[in-house]
Amino acid sequence: VVGTIVADQDMASTMVVEDVVTLEKTGPQSANPGDIITYTITYYNEVSSAGPVDIMITEFYDGVTYVTATPLPDIGDNIWIIMGVNPGTGGTISVTVTVNNTAPDIIINRAMLNYTSGATDIFLNATATTVISGPLMEITKSGPLQAAPGSSIMYTITYTNIGAGFANNVTITDIYPAFLTFQFAIPAPNPGTNNVWSLGALAPGASGTILIFVDISNFAYGSLTNWAQLTYQNMSNGQMPTEWASA
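Visitor: An account of unusual backbone geometry is needed here, citing residue identities and associated values.
Guide: Most peptide bonds take the trans form, and the phi angle of most residues other than glycine is negative. Backbone torsion omega between Thr70 and Pro71 reads -5°, so that peptide bond is classified as cis. Within the secondary structure, Pro71 is located in the loop between strand 5 (64-70) and strand 6 (79-85). The omega torsion across Ile186 and Pro187 is -5°, close enough to zero to call that bond cis. Of note, Pro187 is situated in the loop between strand 13 (180-186) and strand 14 (196-202). The phi angle at Asn169 is positive, at roughly 50°, despite the residue not being glycine.

Visitor: Hey, could you go over the pattern of salt bridges for me, with residue numbers and the actual values?
Guide: Counted by the stated rule, this structure contains two salt bridges. The closest approach of N and O atoms between Glu59 and Lys25, which form a salt bridge, is 2.6 Å. With a gap of 34 residues between them, Glu59 in strand 4 (residues 53-60) and Lys25 in strand 1 (residues 21-26) connect regions that are remote in the sequence. We note that Glu59, like Lys25, is buried. In this structure, Asp174 engages Lys141 in a salt bridge whose closest nitrogen and oxygen atoms are separated by 2.4 Å.

Visitor: Help me get a handle on the confidence of the model for the protein, residues and values and all.
Guide: Scored by pLDDT, the protein has a mean of 90; 91% of the residues are at 70 or more. Contacts for the low-pLDDT stretch residues 1-7, under 50 throughout, to residues beyond four places or in other chains number zero contacts.

Visitor: Quick rundown of a nonpolar patch on the surface? Include the residues and the values.
Guide: Nonpolar side chains collect at one region of the surface, where Met56, Ile75, Ile81 and Met83 lie side by side and expose about 350 Å² of accessible area between them. Among the secondary structure elements, Met83 is positioned in strand 6. Note on Met83: relative accessible area 56%, which makes it exposed.

Visitor: Requested: an account of the sheet that holds strand 14, with residues and values cited.
Guide: Each strand in a sheet pairs with its neighbour through backbone hydrogen bonds, running either in the same direction (parallel) or in the opposite one (antiparallel). One open sheet accounts for four strands, arranged 14-12-16-17; its pairing is antiparallel. Looking at which strands have only one partner, the edges of the open sheet turn out to be strand 14 and strand 17 (243-246). This sheet shows a mean twist of 20° between the axes of neighbouring strands, independent of strand direction. When strand 12 (residues 167-175) meets strand 14, the two strands line up antiparallel, connected through five bridges. Paired with Thr171 across the bridge in strand 14 is Ser198.

Visitor: How would you explain the pairing of strand 9 (residues 120-132) if you had to name every residue and give the values?
Guide: Two strands pair when backbone bridges link them, and strand 2 (residues 30-31) and strand 9 are joined in this way by two bridges, in the parallel orientation. For Ala31, the partnering residue across the bridge sits in strand 9 and is Ile132. The hairpin formed by strand 8 (residues 106-117) and strand 9 contains two residues between the paired strands, and Gly118 there has a positive phi angle of roughly 65°.

Basis of the calculations
- Along each chain, residue indices are assigned from 1 in the same order as the chain's sequence is written.
- Confidence filtering applies because this is a predicted model: local features only for residues at pLDDT of at least 70, side-chain atom pairs given and counted only at 80 or more, and all residues used for totals across whole chains, interfaces and linings.
- Working from all heavy atoms in the structure, the side-chain values ignore hydrogens and water.
- Segments assigned H or I by DSSP are reported as helices when at least four residues long, segments assigned E as strands when at least two residues long, and all are numbered from the N terminus.
- Each salt bridge in this description consists of a side-chain nitrogen of Lys or Arg and a carboxyl oxygen of Asp or Glu lying within 4 Å of one another.
- Under the scheme applied here, a residue whose accessible area is under 20% of the maximum for its type counts as buried, over 50% as exposed, and between as partly exposed, the area being computed with a 1.4 Å probe on protein chains only.
- Confidence of the predictor at the level of single residues is given by pLDDT, which spans 0 to 100.
- In what follows, residue pairs with any heavy atoms lying within 4.5 Å of each other are defined as contacts.
- Only residues above 30% relative accessible area that lack a salt bridge enter a patch, with like-charged residues linked at up to 9 Å and the nonpolar side chains Val, Leu, Ile, Met, Phe, Trp and Tyr linked at up to 5 Å.
- Working definition of accessibility: Shrake-Rupley area with a 1.4 Å probe, residue cover restricted to the visible protein chains.
- At least two bridges found by DSSP between two strands are what make those strands a pair.
- Interaxial angle, 0 to 180 degrees, is taken between N-to-C directions of lines fitted to C-alpha atoms, where a helix line uses only the stretch in contact.

In structure tokens, the structure reads:
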């Protein structure tokens, strides 16, 4: 009898588990120019059966200026190198910044995490969005397109806070060119001056108008350009960009 011999075969399988790292970033939903705020970056090695990983985190600042961090950066003010993050562990980085006076209405700050899984470089990104509720002043100026030497004319200055926060210490200064002589204005300028108006604090949406009456010299010729300058501060008394208008 010819028989068939069947040999037992042992089979073994190996599961390859790659590193899985996560990255999150949080920050305040709103802030004012000049405020000091803190972003929190959280990283975590999720896969418990994988080995430790080395990671690098880079912070990209938008509309803010670095103040300090815990822990402190390893390179410059925005790069952290974390060696040997074990499976099932992670950590946080707290970054303190100042909101720039010239920050846009919305700032989006990004953190990037880089690590190697096997032979592959992995890049993760996380962002935090903050709405900036600061002031934003606007100024316009108008006057006649033509006028004769020896005549009287009126300039109109209009100002508005189109931002979402109070504007502090709002000041308008008119710069009269040669051949123009100030007569009076409504409202009147600051005592002792003929061209400065201190308007104080203006709420969001607040606006106003200044009417300036001047005489043109009998000897005037060519084009006369009359400039107005508006300066102001945010709620933290940080100086905002100067606004200009001319007619």
